[in-house]
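Reading the structure
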Amino acid sequence: MLNRRLLRTKAVQALYARQLTAEANRLLALDHIEEAFLPNLNSMEFQDKPKLASLNKMANMALDEFIKNGELSADKDLPEQVVRVARSAYQSYDRQTKGDGEKLVRRVLNETELIYTDFIRILSMLIELSHQSKIDRERRYEDPEAPFPKSSGLNSNRVIQVLTGDKALEEEIIRSGINWSNEMGVIRKTYKEALRKDETYEAYCRVPEHTPEEDQALIQHILRQIILKHEVPLEYLEQRDLYWADHSELIRGLAIKTLKSADSADTFQLAPLTKDWEEDREFVEELCRIVVAENDQYGVYLEDQLKNWELERVALVDLIILKTALAELIHFPGIPVKVTINEFIEIAKRYSTPKSGKFVNGVLDVLSVKLAKEGVIRKSGRGLIDNK
């Protein structure tokens, strides 16, 4: 089932991508300014290139102040043209960056929902492999030493029969848009190069009848050792999901739990992705919203903590991880401090530099204590101490 660490990871991914697009939008804004102060080659008037270059430089500095503060300081005495051009460039930058940020959050949430589609796709792959098994055994083998007796095969497996006959699974396959008609090559190749050559499957097929336990054991073996490990299906799944490495463990768990329930039609149940998707979605959206809104304040907290560092020297992923952790520490009173710190340490270990886990741990350990004493972090709820 979907866990909070994956949701935190999705928030970090969205915020990281937002930062990259913000930097790209700043470059576009600088291009807009530069174009505004290019010499007009069609004009008959004298073009003062040094002056235009100076105005361009002032407008660039004004843009960065707009980006940082949202406005120019009152003591700035700049030419009206510089202010006008810089403000126009900033408005374009701000509008585009906000729009990009919203799209990126929606994208990571869509990617998270598609985890369930990949889970259904794997169940569908098992059904399609059973069809290949049936076709294989219905052929008239001229060779009297055919590899398997026709009376046994994947299509006769009890678990497969439950999957094939379940209406809810059939509806999910249709709803998810899963159709193998144009991708049967993957199924045939998996059956021929992986399943037919698998010793466990070969041994299974040489026995005409099987117990429910044997049927379940075979399906679990095919799932774990063939679909999720053999290069043919694995390459196919990785190409469909750029974040397969992140999602595969959850998909594996959903599939194992579902198949274990398929000993009979009466007990079969599709494992849910989450208990409450709306709550999970709001968690990601809120984390991202808070980090964007409180970005400058979190920068102040970190600058004070990292006195011997310049924030520009901190890896961008680490900086985003720290700010996202601060958002959770400060604005989610029901989540214990240690839980938040440990979760973001693990995210840093997985997605940043080899030393990032210790770095994030050290910063958050000290900063969480300091902010709790100042009353910025206040935890309340069952099992938590309310900082009054």
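The present account deals with the structure reproduced in this document. (Residues numbered from 1 in each chain as written. Predicted model: local features only at pLDDT ≥ 70, side-chain atom pairs only at ≥ 80, totals over all residues. Heavy atoms only, no water.)

1. Focus: the pattern of salt bridges
Under the definition given, this model contains 23 salt bridges. A salt bridge links R4 to E279; its shortest N-O distance comes to 3.2 Å. In this pair, R4 is assigned in helix α1 (residues 4–36) and E279 in helix α11 (residues 277–293), connecting sequence segments 275 residues apart. Classification of R4 as partly exposed rests on a relative accessible area of 27%. With its nearest N and O atoms 2.8 Å apart, the salt bridge here joins R121 to D118. Here R121 and its partner D118 are both found in helix α3 (residues 80–138), three residues apart, which amounts to about one turn of the helix. A cluster of three or more residues bridged by salt bridges with shared partners is formed by R5, R8, E328 and E343. (Salt bridge = Lys/Arg side-chain N within 4 Å of Asp/Glu carboxyl O. Helix = DSSP H or I, 4+ residues; strand = E, 2+ residues; numbered from the N terminus. Buried < 20%, exposed > 50% of the residue type's maximum accessible area, 1.4 Å probe, protein only.)

2. Quick word on the nonpolar core
Ranked by size, the top nonpolar core spans 96 residues in total, and within it F119, L154 and I227 carry the most contacts. Element by element, the count of residues in this core is highest for α3, at 13 residues. Residues within four places of L154 in sequence aside, it is in contact with L126, L129, S130, S133, I160, L195, Y201, L218, I219 and I222. A29, L30, A59 and V82 belong to the second largest nonpolar core, which has 19 residues in total. (Core = buried A, V, L, I, M, F, W, Y, C linked by side-chain atoms within 4.5 Å. Contact = heavy atoms within 4.5 Å.)

3. Brief notes about the packing of aromatic side chains
One pass over the structure, following the stated rule, counts six aromatic pairs. Judged by centre distance (5.4 Å) and plane angle (15 degrees), the ring pair of F66 and Y90 falls under stacked. Placement of the pair is F66 in helix α2 (residues 49–69) and Y90 in helix α3, with a sequence separation of 24 residues. By the burial criterion, F66 is buried, and Y90 matches it. Here a set of aromatic residues connected by ring pairs shows up, and it is made of F66, Y90 and Y93. Here K10 stacks its cationic end above the ring of Y243, 4.5 Å away from the centre of that ring. (Phe/Tyr/Trp six-rings, centres within 6.5 Å; stacked < 30°, edge-to-face > 60°. Lys NZ or Arg CZ within 6 Å of the ring centre and 35° of its normal.)

4. Things to note about the side chain of D280
The residue D280 is located in helix α11 in this model. For the buried residue D280, which engages in no salt bridge, the nearest side chain bearing the opposite charge is R4, 4.0 Å off. Ignoring anything within four residues of it in the chain, the contact list for D280 reads L2, R4, L7 and T274. (Lys, Arg positive; Asp, Glu negative; His and termini not counted.)

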